[in-house]
Amino acid sequence: MIFEFERDFAGSLRCIPMIARQKLDIVGIKMTLRQWSRLTREERGLLVDGPCGTDREQAAYRTRVQDLIAARADEPVRFLPPQALEDWREGNRMPEAVSIQAQADGVAAPTPEQWAGLTPLRRFALIKLAQSKHENENFVPALKEFGILQEEA
């Protein structure tokens, strides 16, 4: 699943889409864009579409990513600290970074009800966009896409 706000840069899979970034976070691997770009289109597609829900699927996904990095990149696998971005799992508590980014962009932050109603992947995307130093121009488009903000007439 590629979001509309990322379609121009992730739809071609030349950048890491949110769905793959979430899976990488789940398995605790920090993949660089350089490493991603060394994968074939088919390999990138496998990382986007590959299952990563159960413990067994996560172990297989982690192994696949490690094997791909070892085979394609000339740099080591980097691991994330445990529980690096688990806030996206919390439907009852919105991270402060989301509120801060909304305020910085001059828009209303999601209400507690809106936050709770988002899918985990959408919460993940908003957190990533709020914490990113170079992608937060997509924060407001994501809020609009997710029905948090109304499109202007």
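In case you missed it, the structure is sitting above this.
Scoring rules and cut-offs
- Residues numbered from 1 in each chain as written.
- Predicted model: local features only at pLDDT ≥ 70, side-chain atom pairs only at ≥ 80, totals over all residues.
- Heavy atoms only, no water.
- Helix = DSSP H or I, 4+ residues; strand = E, 2+ residues; numbered from the N terminus.
- Buried < 20%, exposed > 50% of the residue type's maximum accessible area, 1.4 Å probe, protein only.
- Contact = heavy atoms within 4.5 Å.
- Axes fitted to C-alpha atoms, helices over the stretch in contact; angles between N-to-C directions.
- Parallel < 35°, antiparallel > 145°, perpendicular 65-115°, else oblique.
- Left-handed = near helix turned anticlockwise from the far one by under 90°.
- Nonpolar A, V, L, I, M, F, W, Y, C, P; charged D, E, K, R; others polar.
- Arc of directions from axis to C-beta.

## Remarks on the overall build of the protein
Along the backbone of the protein there are 9 helices and 2 strands. When the helices and strands of the protein are read in sequence order from the N terminus, they spell out α-α-β-α-α-α-β-α-α-α-α. Here the C-alpha coordinates of the protein stretch approximately 50 × 30 × 25 Å along the principal axes. Counting across all 153 residues of the protein, residues that qualify as buried make up 46%.

## Some thoughts on the environment of glutamine 114
With respect to the secondary-structure elements, glutamine 114 resides in helix α7 (residues 112-117). As for glutamine 114 and phenylalanine 146, which are separated by 32 residues in sequence, their C-alpha atoms are 9.4 Å apart. Residues in contact with glutamine 114, not counting those within four places in the same chain, are Ala109, Gly147 and Ile148.

## What to know about the packing of helix α4 (residues 41-49) against helix α5 (residues 55-72)
Between two packed helices, both the angle of their axes relative to each other and the distance between the axes serve to describe the pair. Contact geometry of α4 with α5 gives a least axis separation of 11 Å together with a crossing angle of 160°. Relative to α5, α4 is oriented roughly antiparallel. When the axes of α4 and α5 are compared, the crossing they make is left-handed. Side by side, α4 and α5 meet where Glu43, Leu46 and Leu47 of the first sit next to Tyr61, Arg64, Val65, Leu68 and Arg72 of the second. Residue classes in the contact of α4 with α5 are distributed as 5 nonpolar, no polar and 3 charged.

## Examining helix α6 (residues 96-105)
Within the span of α6, buried status applies to Val98, Gln101 and Ala102. In an axial view of α6, the angular spread of the buried residues amounts to 100°, which keeps them on one side of the axis. Structural note: α6 exposes Glu96, Gln103 and Ala104 on the side pointing more than 90 degrees away from its buried face. Of the surrounding secondary structure, the elements contacted by the buried residues of α6 are α7, α8 (120-131) and α9 (139-145). Where α6 terminates, the next one or two residues include glycine 106, which has phi positive at roughly 70°.

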